[in-house]
Amino acid sequence: MGLTITEADGSRPAVLARAAARGVLGGLVGAAATAAGRRAERAITGRPASHVPGRTLLILLGRDPGDDERPVAATVAMQVATSAALGALRGVWRASGLLRVRADVAQTLTRVIVDQTLENATGAGAPPRTWRTGEGVVEVLHAAVDAVVTGLVVENLVDPVLESRRGTTSH
């Protein structure tokens, strides 16, 4: 087993902070796997690279990029930052007891929701209902690759030491 977090390592906030930090590492590995997967998918499908994440980041930073702007560095930064942030969340989930497939599904959905919220709230993106057929499936698959790879790393670095055993119901 990987590095172990235990209650003996400190207070609950300290355990969660360490889990989040280790989750960031998982998120970075997930981002690298997703980038490779995107390159492979585009080579197979001929789909162009999306620069909406980069334009979203630029808008969040106070810039006003045009629809024809292709900010490659900002796109990579946005994708990596989002994966790292969700990796931190994944580490906290793991420490708290949200494990494996349930965590993969939760992270996949969270990634799609975060991306779409930011892209549409900033006006950089278009609502998924307006996309070409199949685009949504591809985006969910990329989010799932990120989630699964992040999870593989996090599952080896963080133990579910804060998983509650206080009851058998959610209320």
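Because the structure is predicted, anything quoted here is derived from the model rather than measured.

K.L.:
Can you tell me about the overall build of the protein, naming the residues and giving the values?
P.N.:
Scanning the protein from N- to C-terminus turns up 5 helices and 0 strands. Reading the helices (α) and strands (β) of the protein from amino to carboxyl end gives α-α-α-α-α. By principal-axis analysis of the C-alpha atoms, the protein measures approximately 55 × 35 × 35 Å. Relative to its full complement of 171 residues, the protein shows a buried share of 38%. Long-range contacts, defined here as pairs at least 24 residues apart, represent 71% of the contacts in the protein between residues at least 6 apart. Accessible surface, the protein: about 9,500 Å² in total, of which carbon and sulfur atoms supply 63%.

K.L.:
Would you mind going over the side chain of Q79 in detail, with residue names and values included?
P.N.:
Counting through the fold element by element, Q79 comes out in helix α3 (residues 72–96). Once residues lying within four places of it in the same chain are set aside, the contact partners of Q79 are R38, P53 and R111.

K.L.:
Give a detailed account of a nonpolar patch on the surface, specifying residues and quantitative values.
P.N.:
Where nonpolar side chains cluster on the molecular surface, the patch consists of L28, V72, V76 and V80 and spans about 300 Å² of accessible area. Top contributing element to the nonpolar patch by residue count: α3, with 3 residues. Looking at the element boundaries, V80 is found in helix α3.

K.L.:
Any chance you could break down the confidence of the model for the protein for me, citing the residues and the numbers?
P.N.:
Across the protein, the average pLDDT comes to 92, with 93% of residues at 70 or higher. Long-range and interchain partners of residues 1–5, a stretch whose pLDDT sits below 50, account for 19 contacts in this model, where long-range means more than four residues apart.

K.L.:
Give me the lowdown on the nonpolar core, citing residues and values where you can.
P.N.:
Core analysis: the largest hydrophobic core is formed by 6 residues, namely A19, A95, V153, V154, L157 and V158. With 3 residues, the top contributor of residues to this core is helix α5 (residues 135–157). Here V154 is in contact with G23, G26, G87, R90, G91 and R94, once residues within four sequence places are set aside.

K.L.:
Quick one: what's the story with the pattern of salt bridges, residue by residue and with numbers?
P.N.:
Applying the stated criterion to the full structure yields 10 salt bridges. Here R47 and E135 are joined by a salt bridge, their closest N and O atoms 2.7 Å apart. Of the two residues, R47 sits in the loop between α1 (12–45) and α2 (52–60) while E135 sits in helix α5, which places them 88 residues apart along the sequence. Residue class for R47 comes out buried when judged on its relative accessible area of 16%.

K.L.:
Kindly report on the side chain of T150, identifying the contributing residues and their values.
P.N.:
Relative to the assigned elements, T150 resides in helix α5. The exposure class of T150 is buried, given its relative accessible area of 0%. A polar contact is formed between the side chain of T150 and the backbone oxygen of D146, at a distance of 2.7 Å. When near neighbours in sequence (up to four residues on either side) are disregarded, T150 contacts G26, G27, G30, G87, R90 and Q107.

K.L.:
For the packing of α2 against helix α4 (residues 100–122), give the residues involved together with the corresponding values.
P.N.:
Put simply, α2 and α4 touch, their axes get as near as 9 Å, and they point 60° apart. Taken together, the axes of α2 and α4 lie oblique to each other. Between α2 and α4 lies a crossing whose hand is left-handed. Along the contact surface, α2 presents V52, P53, T56, I59 and L60, while α4 presents L118, E119 and T122. Of the residues that constitute the contact of α2 with α4, the class distribution is 5 nonpolar, 2 polar and 1 charged.

How each quantity is defined
- Residues numbered from 1 in each chain as written.
- Predicted model: local features only at pLDDT ≥ 70, side-chain atom pairs only at ≥ 80, totals over all residues.
- Heavy atoms only, no water.
- Helix = DSSP H or I, 4+ residues; strand = E, 2+ residues; numbered from the N terminus.
- Buried < 20%, exposed > 50% of the residue type's maximum accessible area, 1.4 Å probe, protein only.
- Contact = heavy atoms within 4.5 Å.
- Areas by Shrake-Rupley, 256 points an atom, 1.4 Å probe, with all protein chains shown as cover.
- Patch = residues over 30% accessible without salt bridge, like charges linked within 9 Å, V, L, I, M, F, W, Y side chains within 5 Å.
- Salt bridge = Lys/Arg side-chain N within 4 Å of Asp/Glu carboxyl O.
- pLDDT = per-residue confidence, 0-100.
- Core = buried A, V, L, I, M, F, W, Y, C linked by side-chain atoms within 4.5 Å.
- Polar contact = N/O pair within 3.5 Å; in protein donor to acceptor, adjacent residues only side chain to side chain.
- Axes fitted to C-alpha atoms, helices over the stretch in contact; angles between N-to-C directions.
- Parallel < 35°, antiparallel > 145°, perpendicular 65-115°, else oblique.
- Left-handed = near helix turned anticlockwise from the far one by under 90°.
- Nonpolar A, V, L, I, M, F, W, Y, C, P; charged D, E, K, R; others polar.

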